[in-house]
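# Report on the structure
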Amino acid sequence: MPGIDECLIEVMRLPGARGAAVVDWTSGLALGTIGESPSGDHEATAAETAELARMAAEQPVFAQADAPAAGLSGPPAPAVEDVIVTTAPGYHILRFVETAFDSSVFLHLWLDRAEGNLALARIRLGEIAERLVLA
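Description of the structure in this document. Worth saying up front: this structure is predicted, and the values here are computed from it rather than measured.

### Topic: a negative patch on the surface
- Together, Asp41, Glu43, Glu48 and Glu51 line one region of the surface with negative charge.
- By the element assignment, Glu48 lies in helix α2 (residues 42-57).
- Judged by relative accessible area, which is 51%, Glu48 ranks as exposed.

Below, the structure is given as structure tokens:
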């Protein structure tokens, strides 16, 4: 089970990856960063993306449907899996990470639009998030 640094290294192996971070969306702090930052400052980027993640995660419109009514069993999954923002030069994928405690962490991937594959990156980021161990 990889930790933050190993996961970030794996994320940067994705085609078109420019930079990545593990961010706590309640505090806006970067728990780990790698590569470039869109703003040139990883801490500022973490704080800005945390605002977007918090807005998405806390909105009732994105609330998880009642699991038993939907025929699902087990603990409820987070209502928001990921947030994707597209810009002319690239994509930003915020993938929420489920944790044993408060699940207030997400992976942020900055992906070059010309070199990256959004669908592949989203799938792989989800797989990486599932294996991430926060100590």
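After that view, the rundown keeps rolling.
### Some thoughts on the pattern of salt bridges
- Taken as a whole and judged by the stated rule, the model has 8 salt bridges.
- Between Arg95 and Glu81 there is a salt bridge, with the nearest N and O atoms lying 3.9 Å from each other. Remark: Glu81 occurs in the loop between α2 and β3 (82-86) and Arg95 occurs in strand β4 (residues 90-97); sequence separation between them is 14 residues.
- Relative accessible area serves as the criterion here: at 13%, Arg95 is assigned to the buried category.
- Note on Glu81: relative accessible area 44%, which makes it partly exposed.
- Here the salt bridges share partners, and the residues they tie into one network are Glu10, Arg124, Glu127 and Arg131.

### Here we look at the packing of aromatic side chains
- By the definition in use, this model includes 2 aromatic pairs.
- The interplanar angle of 80° and the centroid separation of 6.4 Å between the aromatic rings of Trp25 and Phe96 together place this pair among those described as edge-to-face. In this pair, Trp25 is assigned in the loop between β1 (17-24) and β2 (29-35) and Phe96 in strand β4, connecting sequence segments 71 residues apart.
- Seen in terms of ring centroids, Phe96 and Phe106 are 6.3 Å apart; in terms of plane orientation they differ by 50°. Their pairing is tilted. Highlighted residues: Phe96 in strand β4 and Phe106 in strand β5 (residues 105-112), separated in sequence by 10 residues.
- The structure contains a cluster of three or more aromatic residues connected by ring pairs, namely Trp25, Phe96 and Phe106.

Rules behind the numbers
- Throughout this document, residue positions are counted from 1 along each chain, in the order its sequence is written.
- With pLDDT at 70 or above as the cut-off, local features in this predicted model cover only qualifying residues; side-chain atom pairs require 80 or more to be listed or tallied, and sums for whole chains, interfaces and linings still use all residues.
- Based on all heavy atoms of the structure, the side-chain values leave hydrogens and waters out of the count.
- Like-charged residues are merged into a patch within 9 Å and nonpolar side chains (Val, Leu, Ile, Met, Phe, Trp, Tyr) within 5 Å, provided each residue has over 30% relative accessible area and no salt bridge.
- Per-residue and other accessible areas were derived by the Shrake-Rupley procedure at a 1.4 Å probe size, with only the shown protein chains allowed to occlude residues.
- A pair is scored as a salt bridge if a Lys or Arg side-chain nitrogen falls within 4 Å of a carboxyl oxygen belonging to Asp or Glu.
- For the charge count, each Lys or Arg is scored as positive and each Asp or Glu as negative, with His and the chain ends excluded.
- Note that the charge is assigned to NZ on lysines, CZ on arginines, CG on aspartates and CD on glutamates.
- Helix and strand assignments follow DSSP, with helices taken as H or I runs no shorter than four residues and strands as E runs no shorter than two, numbered in order from the N terminus.
- Relative accessibility thresholds used throughout: buried, under 20% of the residue-type maximum; exposed, over 50%; partly exposed, between the two (1.4 Å probe, protein chains only).
- Between 30 and 60 degrees the pair is tilted, below 30 it is stacked and above 60 it is edge-to-face, where a pair is any two Phe, Tyr or Trp rings, Trp via its six-membered ring, whose centres lie within 6.5 Å.

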